[in-house]
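Structural description and commentary
The residues making up each chain are set out below.
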Amino acid sequence: MIHKILKDTFGYGSFRPFQQEAIESSLAKQDVLLVLPTGGGKSICFQIPALAQDGMTIVVSPLIALMNDQVMALNQNGIRAYSIHSNIEYEQKNRIFSEIDRGEVKLLYISPEGLQSEQLRTYLQSKPIDLIAVDEAHCVSMWGNDFRPDYVKLSMLKAAFPSVPIMAVTATADGSTQADIVDKLNLDNPAIYIGSFERPNITLTASPGLDRYGQIKQFLAQRQEESGIIYCTSRKSVEMVSSKLRADGFSADHYHAGMEREERERVHQDFIYDRVHIVCATIAFGMGIDKSNIRFVMHYNLSKNIESYYQEIGRAGRDGSAAEALLFYSYADITLLKRFIDDSDADSVYKEVQHAKLDRIWDFANTAHCRTNIILNYFGEYKSEGCMHCDNCLNPPELFDGTRYTQMALSAVKRTDEKLNLNLLIDVLRGSGRQEIMMNGYQHIKTYGVGREIPSKDWRSYISQMIQQGFMSIDYSAQGRVRLTPLAQEILFEGQVVKLAKFVWQEKKAKPKRAARVTEFEVDEPLFERLRKLRSAMAKEQGVPAYVIFPNKTLEELSAVKPVDEISFSLINGVGRQKLEKYAEAFIGEIKGYLGK
Ligand code: ADP
Ligand code: MG
Ligand code: ZN
């Protein structure tokens, strides 16, 4: 039964991890807490029970944008679903209610505020409700970033609908948030399913923030027409990057909390409907972004912790196709973030925690090991073999004997009495003639210019690694001066060998250019392009976002399999009954045209 719904309605041949379990528990009338990563396919877990039963399912969702996205997708699959929120006109509401009265509506999306209305609640109590799903359930928890007071009031649901099972779903819940959800929603002996946090279709890369704009431009040049977000810390850099990109001919816009509401809404819509490809934004561009075909998320600056970083990059690749996350980082970033923490009004314990979290993401940025594993470990999931979708796994850094370089750097720090910041240290090593050096007489020390043959960028990487290995540290309380640690002695005087990872400049790294694109299917690029154009024309005609018609994955499979009759078309993932009826003819026509048939 549920497999049939999965194929007939949604067009998928098999369940993803924990989907079937969650659906079955719910059909057995048990409360469920389901934690799956973004893109893990949580919606289907309450949509299939909704279709498998006679009555109606209520879905609580925190944002209008999220509701609209799901309702549009359901309608495309031929399912009667509506959302009720403050922007819905009175008449439209009445129409929805009469359809509910006739028992024709399968899913009703409501905001938590909406459920506060006594009248609406009483009305719904008189209807056959099979299930109440609470999407983005972590919003009940004060521990997370997305706390919503109205979500806490959902605690009344259990009392108001005592015989209706509740399913709470979320992508971001550590142990304390999970307990909070169970507690606040009064879940009764819930079945709890927790999937892996890993997002195997996202390639993780981190790169030193030198010539960031140049690196970005190069990255984008290979990804024309693809959607992505560039996160920056400040509103000023958001606007700066976006206007530079426009000047360079890219389709870019910007978004931050300082803009008018309508303006923000416009940018959001333009992005969803692919009228603009790149949005430069502060983290204010957040949870409402359910666009499933985001191909990359870049961080122009270091994030403040691993939680935020992972939540932000999680917006990429929800459709399961290959996506990329590129993080830039620099000492200037970490210095600024440290200052934000110190200058905040928080108490010292809180500050200490924030500093520690910042250190962890700094380690993540600088590591030569598997980045995914660092993240998984951070969230308490242990895995030791490499992920094969991060830069360090795909291009393992080559190690060399860096003892001499390390001695040069340490000795320069020592001979200048630990007074240099990183830039100045590199300039001394490279024998720069800059005024600050001349004035302090650093040109006379023995290590002046000994590292002339190593470019600055490389020095920066090597010194970072020396800091990582604990031979030096940066004193953020004293203008970022580089200090020696007790370990430095062993390198300088006891002949300990130091291994360093060879520095490879980002653009020279063998780009995982659409690497995952070919993993599953032998994608036929010219055909894919034709199908994409067809999809966009149809989306325009219907006034829906392109990804609602078919996700990229379906187009990739179509381009590889090239079905030219309805039966083979119906076997493609993402083609359900409704979409077969609506789209098979046009897409088959395009494929035949391409094959010259
Ligand atoms: P989440 O809410 O967990 O972030 P969604 O429910 O939005 O994820 O699903 C992400 C994408 O995965 C959607 O395009 C959805 O249609 C697709 N999907 C869900 N379940 C499956 C499945 N069993 N097989 C293939 N694709 C699936
Ligand atoms: Mg979701
Ligand atoms: Zn890895």
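All values derive from a computational prediction rather than experimental measurement.

Another aspect to go through is the side chain of R535. Residue placement: R535 occurs in helix α24 (residues 525–542). Buried charge without a salt bridge: R535, with D274 as the nearest opposite-charge side chain at an N-O distance of 5.8 Å. Excluding residues that lie within four positions of it along the chain, R535 makes contacts with A546, I549, F550, P551, N552, L555 and F587.

On to the nonpolar core. Among the nonpolar cores identified, the biggest contains 76 residues, and F285, L302, Y309, W459, I463, M466 and M472 are the most heavily contacted of them. For I463, the residues in contact, after removing those within four places along its chain, are L422, L425, I426, L429 and M472. Membership of the second largest hydrophobic core comes to 35 residues, among which are V35, I110, A137 and L157.

For the rest of this paragraph, the subject is the domain arrangement of the protein. Domains assigned within the protein are domain 1 (2–194), domain 2 (202–394), domain 3 (399–501) and domain 4 (525–595). Relative placement of domain 3 and domain 4: their C-alpha centres are 58 Å apart.

Okay, helix α6 (residues 118–125) next. At 3.6 residues per turn, the α-helix brings residues three or four places apart onto the same side. What α6 keeps buried is the set L120, R121 and L124. Burial along α6 is one-sided: seen end-on, the buried residues are contained in an arc of 100°. Opposite the buried face of α6, by more than 90 degrees, sit the exposed residues E118 and Q119. Buried residues along α6 sit in contact with β2 (56–60), α5 (90–101), β4 (107–110) and β5 (129–134).

Below, the discussion takes up the pattern of salt bridges. Under the definition given, this model contains 31 salt bridges. Residues D391 and R371 are paired through a salt bridge, measuring 2.7 Å at the closest nitrogen-oxygen approach. One end of the pair, D391, is in helix α17 (residues 391–394); the other, R371, is in helix α16 (residues 371–378), with 20 residues separating them in the sequence. The exposure class of R371 is buried, given its relative accessible area of 3%. Here D427 and R434 are joined by a salt bridge, their closest N and O atoms 2.4 Å apart. Here the salt bridges do not stand alone but share partners, grouping D253, E263, R266, D270 and R275 into one network.

Let us now look at the sheet that holds strand β3 (residues 81–84). Spatially, β3-β4-β2-β5-β6-β1-β7 is the arrangement adopted by the seven strands of the open sheet, whose pairing is parallel. Edge positions in the sheet fall to β3 and β7 (191–194), since each has one partner strand and no second. For this sheet the average axis-to-axis angle between neighbouring strands, irrespective of direction, equals 15°. In terms of strand pairing, β5 meets strand β6 (residues 166–170) through three bridges, oriented parallel. Within β6, the residue paired with I132 across the bridge is I166.

Around a metal, the idealised angle for a tetrahedral arrangement of four donor atoms is 109.5 degrees; for an octahedral arrangement of six donor atoms it is 90 or 180 degrees. Taken together, C370 (SG), C387 (SG), C390 (SG) and C393 (SG) make up the full set of protein donors to the zinc ion (ligand 3), lying 2.3 to 2.4 Å away. For the zinc ion (ligand 3), the four donor atoms in the first shell make angles of 101 to 121° at the metal, a pattern classed as tetrahedral. One chain supplies every donor for the zinc ion (ligand 3), spaced along it as C-x16-C-x2-C-x2-C. Each of the two residues, C390 as well as C393, counts as buried.

So, about the site of ligand 1. Inspection of the region around ligand 1 gives 14 residues, with Y12, G39, K42, S43 and R318 positioned closest. One of the backbone nitrogen or oxygen atoms of S14 is found 2.8 Å away from a nitrogen atom of ligand 1. Here G39 contributes a backbone N or O atom positioned 2.6 Å from an oxygen atom of ligand 1. Bound to the protein, ligand 1 loses 83% of the 570 Å² it would expose on its own.

Let us look at the environment of I23. Here I23 is to be found in helix α2 (residues 19–27). What makes I23 buried here is its relative accessible area of 0%. A C-alpha to C-alpha distance of 37 Å links I23 and E590, two positions 567 residues apart in sequence. Apart from residues no more than four positions distant in its own chain, I23 is found in contact with I2, F15, I44, C45, I48 and P49.

Thresholds, definitions, all that
Within each chain, residue numbers correspond to sequence positions counted from 1 in written order. Chains and ligands are labelled by the order in which they are written, letters from A for the one and numbers from 1 for the other. Note on the predicted model: pLDDT of at least 70 is required for a residue's local features to be given, and 80 or more for side-chain atom pairs to be given and counted; whole-chain, interface and lining totals, by contrast, use all residues. By convention in this description, side-chain values take in all heavy atoms of the structure and omit both hydrogens and water. The numbering of helices and of strands both runs from the N terminus, where a helix is a DSSP run of H or I of at least 4 residues and a strand a run of E of at least 2. The buried label applies to any residue whose accessible area, calculated with a 1.4 Å probe on protein chains only, is under 20% of its type's maximum; exposed applies above 50%, and partly exposed to all values in between. Positive residues here are Lys and Arg, negative ones are Asp and Glu, while His and the chain termini are left out of the count. Salt bridge criterion: a side-chain nitrogen from Lys or Arg within 4 Å of a carboxyl oxygen from Asp or Glu. Whether two residues touch is decided by their heavy atoms; if any such pair falls within 4.5 Å, the residues are in contact. Definition of nonpolar core: a set of buried residues of the types Ala, Val, Leu, Ile, Met, Phe, Trp, Tyr and Cys, connected through side-chain atoms within 4.5 Å. The split of the chain into domains comes from an automatic or database domain assignment. Here the arc refers to the directions that run from the helix axis out to each C-beta atom. Paired strands are those between which DSSP finds at least two bridges. Axis lines are fitted through C-alpha atoms, for helices just across the contact stretch, and the angle between N-to-C directions can take any value from 0 to 180 degrees. Each metal site lists N, O and S donors within 2.8 Å (3.2 Å for Na, K and Ca). With water left out of the atoms, a site can look as if it is missing ligands. Geometry is assigned from the angles between donors: four donors with all angles from 85 to 135 degrees make a tetrahedral site, four or six donors whose opposite pairs exceed 155 degrees while the rest stay between 65 and 115 make square planar or octahedral sites respectively, and everything else is labelled irregular. Any residue with a heavy atom lying within 4 Å of a molecule or strand is counted as near it. Polar contacts, as counted here, are pairs of nitrogen or oxygen atoms within 3.5 Å of one another; within protein the pair requires one atom able to donate a hydrogen and one able to accept it, and residues that are adjacent in sequence qualify only if both atoms are side-chain atoms. Throughout, the Shrake-Rupley method with a 1.4 Å probe supplies accessible areas, and for residues the shown protein chains are the sole cover considered.

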